[in-house]
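Working through the structure, step by step
Spelled out, the chains give:
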Amino acid sequence: MSRHEETTSRKLDHLRICSKHDIEAGKSGFPDIRIVHAALPECDMDGIDLSCRFLGHSLATPLFIAAMTGGHPDTTEVNRRLARAAEQYGCAIGVGSQRAALERPDLAESFAVVREEAPTAFIAANIGAVQLREHGTGWAEGAVSMIDADAIAIHLNFLQEAIQPEGDRDATGCLGAIEELCSDASVPVIIKETGSGISRETARLLWNAGVKAIDIGGHGGTSWAKIEGIREEEMNEPRLTRLGDDFIDWGIPTVVSLIEVRETGGPVIATGGVRNGVDIAKALALGADMAGMALPLLAPAMESDTALAGAIDHIHRQLKAAMFLSGAPTIRDMRRVRTYITGETRTMIQKYD
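The following paragraphs examine the structure supplied in this document. Throughout this description, residue numbers start from 1 for each chain and increase along the sequence as written. It should be noted that, the model being predicted, local features are given only for residues of pLDDT at least 70 and side-chain atom pairs only at 80 or more, the latter also being counted only at that level, while totals for whole chains, interfaces and linings use all residues. Excluded from the side-chain calculations are hydrogens and water; all other atoms, namely the structure's heavy atoms, are used.

**Quick look at the overall build of the protein**
We count it as follows: Only DSSP runs of H or I covering at least 4 residues are called helices, and only runs of E covering at least 2 are called strands; the numbering of each starts at the N terminus. As defined in this context, the radius of gyration uses C-alpha atoms, and a globule is described by 2.2 Å times the residue total to the power 0.38. Throughout, a residue-residue contact means that at least one pair of heavy atoms, one from each residue, lies within 4.5 Å. Reported accessibility uses the Shrake-Rupley method at a 1.4 Å probe radius. Residues are deemed covered only where the shown protein chains occlude them.
Broken down by element type, the protein carries 17 helices and twelve strands. A compact globule built from 353 residues would reach a C-alpha radius of gyration of about 20 Å, and the protein, at 19 Å, matches this within 12%. Put simply, 78% of the contacts in the protein that link residues at least 6 apart link residues at least 24 apart. For the protein, the accessible surface area stands at approximately 14,400 Å², while carbon and sulfur atoms represent 49% of it.

**Things to note about empty space enclosed by the protein**
Rule in force here: The distinction between a cavity and a pocket rests on a 1 Å grid over the protein atoms alone: a 1.4 Å probe fits inside a cavity but cannot get out, while a pocket stays open yet meets protein on both sides within 12 Å along at least five of seven lines, and a residue with an atom within 4 Å of a point counts as lining. Grid points are joined across faces, edges and corners, and a volume is the space filled by probe spheres set on the points. Gly is put with the polar residues, along with every residue not named as nonpolar or charged; the nonpolar set is Ala, Val, Leu, Ile, Met, Phe, Trp, Tyr, Cys and Pro, and the charged set is Asp, Glu, Lys and Arg.
Enumeration according to the criterion identifies four cavities of 30 Å³ or more in this entry. Put simply, the parts of the chain that give the lining of the second largest cavity at least two residues each are α7 (158-163) and α10 (224-234). Class assignment for the residues of the lining of the second largest cavity results in seven nonpolar, eight polar and one charged.

**Let's talk about the packing of aromatic side chains**
Put simply, the test is: Each Phe, Tyr or Trp ring (for Trp, its six-membered ring) is paired with any other whose centre lies within 6.5 Å, and the angle between the two planes then decides the class: stacked below 30 degrees, edge-to-face above 60, tilted in between. Each residue's exposure class comes from its accessible area (1.4 Å probe, protein chains only) as a fraction of the maximum for that residue type: buried when under 20%, exposed when over 50%, partly exposed otherwise.
According to the stated counting rule, one finds two aromatic pairs in the structure shown. Look at F54 and F122: their rings are 5.6 Å apart centre to centre, the planes differ by 75°, and that puts the pair in the edge-to-face class. Pair noted here: F54 is in strand β2 (residues 52-54) and F122 is in the loop between α4 (109-117) and β6 (123-128), with a separation of 68 residues, a long-range link. Note on F122: relative accessible area 2%, which makes it buried. Pairing F247 with W250 gives two aromatic rings, centres 5.5 Å apart and planes at 55°, and the pair type is tilted. When its relative accessible area of 28% is taken as the criterion, F247 is described as partly exposed.

**Quick word on unusual backbone geometry**
Of note, the bond from G266 into P267 is cis; its omega dihedral lies within 30 degrees of zero at 5°. Relative to the helices and strands, P267 is located in the loop between α12 (254-262) and β10 (268-270). Positive phi, close to 50°, is recorded for L55, a residue that is not glycine. Within the element layout of this structure, L55 appears in the loop between β2 and β3 (57-59). Take L55: its relative accessible area is 24%, and that puts it in the partly exposed class.

**What about the pairing of strand β11 (residues 290-293)?**
Let me state the cut-off plainly: One requirement defines pairing of two strands: DSSP has to find at least two bridges between them. When the strands point away from the viewer, a crossover counts as right-handed if the route from the first strand across the helix to the second turns clockwise.
Here β11 shows a buried face lined by M290 and G292 and a second buried face lined by A291 and M293. Pairing between strand β4 (residues 63-65) and β11: three bridges, direction parallel. Pairing of L63 across the sheet is with A291, part of β11. The pairing of β10 with β11 spans two bridges and is classified as parallel. Residue A270 lies in a different strand from β11, and its bridge partner there is A291. The β-α-β motif built from β10, the intervening helix α13 (residues 277-285) and the parallel element β11 has right-handed crossover chirality.

**Details of the pattern of salt bridges**
Short version of the rule: One side-chain nitrogen of Lys or Arg within 4 Å of one carboxyl oxygen of Asp or Glu is enough to make a salt bridge.
Evaluated as defined, the whole model comprises 19 salt bridges. Of the charged contacts in the structure, one is a salt bridge between R336 and D333, with a shortest N-O distance of 2.6 Å. In this structure R336 comes out as exposed when scored by relative accessible area, which is 59%. Connected via shared salt-bridge partners are E77, R80, R81, R84, E117 and D305.

**Brief notes about the environment of K320**
Residue placement: K320 occurs in helix α15 (residues 305-325). Judged by its relative accessible area of 30%, K320 is partly exposed. With 271 residues separating them along the chain, K320 and D49 place their C-alpha atoms 8.2 Å apart. Residue contacts for K320: discarding those within four places in its chain leaves M45, I48 and L50.

In structure tokens:
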């Protein structure tokens, strides 16, 4: 199998494993956050306004449909449904890694359908930091052009690469490549972790490099160590399967990462274990500008447009109820809501302080 075919096959493996296995691990920290209840909210729940702005764009909701898939013909319909939902609800949406389609242009349709179905949505393109270093700004601009994107997300997935049989384990030069892209790119650059979180120190390096937003991708949701461990077990790679098990608990919990990164700059997207509208409300109260979900939307997206719409409607109902009970009629008001921080999260941020 060629390297290009391996990339395409891997994308389908990931989608299949995510849809059929328990691939979550760790603690995001959201259960340790309690929003201070407003017994006299002084607002109308039916008038709650979810609209917000992100990188100069007006959006109808802070829900970000996080990167999931693409790069195989069988993923096209999933992306089509996700894009239709983004257009219908005014969500931002990110596509999965476009590496496969940049290597094989015949696969571009699995990504291009996103702009076709969501002509006015905010869309983020996506390539890996290693591919950026190897291929330069031209590849990033190719990813942007493929879907007429409004931003380019450069994903950091070195835990996954460390465990994956085909992984790219050389991270040298990636920061320089990011800095060069930020200087030359035609759209804003977002840096996106994929399940291990971003620290205060790394965030400062990224802001100094010129990135316009950080998607923290914290620990406590989808675990790529777990996904690759399952995949390697299927491939009869016991050595790497054990390595996946060893690193299931590796990373910075989402809430801890959010608290660290929010103090270094902005804007910030909270992803990693965001599972409902209440989690979105907590993320906003802790300083996030947007909150991203992938796994909770994957199963309904694989089922039907109706199932996906039902899932998003319920998330929005949860978010509006949480905002009402916080006395926050707008997203801006939600950022001023007070929280109690308990448990392991409190311990970790006290050590950080």
